[in-house]
Amino acid sequence: MKKVLNDKIINIENTPIFDNKFLFSYLESDYIWENIEVFYMSELLKNKENTELLNNLNWKYAMYSEVYSPKDELEIFVQLFNYAIDNNKKIHIIWVTLKEELDILEEYYIKSGFLREDVNCFIPDFKNTFVTVSVNIENLIWRGSDYKANRENIFFIPPVRESGQNKAMFKGLNRGSIAWIYIKNYNDFNIKFLSDSIKNEHILPLTFAKVFKYNLNAIWFKGVEKDLIISY
């Protein structure tokens, strides 16, 4: 068995070398640290609910995305981002869903010198940056086309967005601008999705190790470690 660390993969002593099993660590955190303000987009966006639209979806479940609209979410993100930069405050935003949010964040990371141009990826110094973000696992699992089959079962806040936004979240993970995958329910369904994402190379193993544990350590959050073994 092999252990996937922040920057390398090592053989675990006294385990078979060729068993094709990889051990990852997940940090289950309460996201509390006195020097960082944590904002849940789900709580802030709830105040922007379009109640009239929610009550009149009329089986057009994909319209749920507009109940908590991308425009309102982006407005909240910009307010939080400007608050952090203008006041030199470290903040972490849980549950971004939009490419437009990542565009703002990545422009900031470029100005901060975090872009490694030879591989076109970011290597942020999370200890010394004012804004970091997480994506919720549901916004990786689902996309707008899934509303037809799943209906209100995937009514999350912020909502599941269109396919292009889903792809942007995966790109942000692999490019290094999204620090973390937020998992409220660490259940078998979510674990299978994570395993499949690695097996299908939607998320690279070293990247997965970072967004599963090591980036959160770098931001200074603490928590309880859980093991995830994935067989290739």
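Computed from a predicted model, the values in this text were never measured in an experiment.

Right, let's talk about the overall build of the chain for a bit. Within the chain, the regular secondary structure consists of nine helices and 10 strands. The C-alpha radius of gyration of the chain comes to 18 Å, within 12% of the 17 Å expected for a compact globule of 232 residues. Taken along the three principal axes of its C-alpha coordinates, the chain extends 60 × 45 × 35 Å. Considering the chain as a whole, with its 232 residues, one finds that 48% of them fall into the buried category.

The strand order across the open sheet formed by four strands is S4-S5-S8-S9, and the pairing between neighbours is parallel. The open sheet is flanked by strand S4 (37–40) and strand S9 (180–182), the only strands paired with a single partner. On average, each strand axis in the sheet is inclined to that of its neighbour by 25 degrees, with strand direction left out of account. Looking at chain direction, strand S8 (residues 131–136) and S9 are connected through three bridges and run parallel. Across the sheet, Val 135 pairs through a bridge with Ile 181, a residue of S9.

It is worth spelling out unusual backbone geometry at this point. Among all residues except glycine, the phi angle is most often negative; among peptide bonds, the trans geometry is most common. In this model, Ile 157 is joined to Pro 158 through a cis peptide bond whose omega is -5 degrees. Here Pro 158 shows up in the loop between helix H6 (147–150) and helix H7 (163–175). Despite not being glycine, Asn 14 has its phi angle at roughly 65 degrees, a positive value. Tracing the sequence through the fold places Asn 14 in the loop between strand S2 (9–11) and strand S3 (21–29). According to the relative accessible area criterion, Asn 14 is exposed, its value standing at 76%.

Below, the discussion takes up the packing of aromatic side chains. Here the distance between the centres and the angle between the planes together describe a pair of aromatic rings. The tally for this structure, following the rule as stated, stands at 24 aromatic pairs. On the numbers, 5.8 Å between centres and 70 degrees between planes, the contact of Tyr 64 with Tyr 68 is edge-to-face. Classification of Tyr 64 as buried rests on a relative accessible area of 4%. A relative accessible area of 3% places Tyr 68 in the buried class. Considering the side-chain rings of Tyr 109 and Phe 114, the 5.5 Å spacing of their centres and the 65 degrees angle between planes classify their relative orientation as edge-to-face. Among the residues examined, Tyr 109 registers a relative accessible area of 0% and is labelled buried. Note on Phe 114: relative accessible area 12%, which makes it buried. Taken together, the aromatic side chains of Phe 24, Tyr 26, Trp 180, Tyr 186, Phe 208 and Phe 212 make up a single cluster linked through ring pairs. For the cation-ring pair, Lys 127 lies above Trp 220, with the distance from its terminal atom to the ring centre recorded as 5.6 Å.

What counts, and where the lines are drawn
Residues numbered from 1 in each chain as written. Predicted model: local features only at pLDDT ≥ 70, side-chain atom pairs only at ≥ 80, totals over all residues. Heavy atoms only, no water. Helix = DSSP H or I, 4+ residues; strand = E, 2+ residues; numbered from the N terminus. Rg over C-alpha atoms; globule rule 2.2 N^0.38 Å. Buried < 20%, exposed > 50% of the residue type's maximum accessible area, 1.4 Å probe, protein only. Pairing = 2+ DSSP bridges. Axes fitted to C-alpha atoms, helices over the stretch in contact; angles between N-to-C directions. Phe/Tyr/Trp six-rings, centres within 6.5 Å; stacked < 30°, edge-to-face > 60°. Lys NZ or Arg CZ within 6 Å of the ring centre and 35° of its normal.

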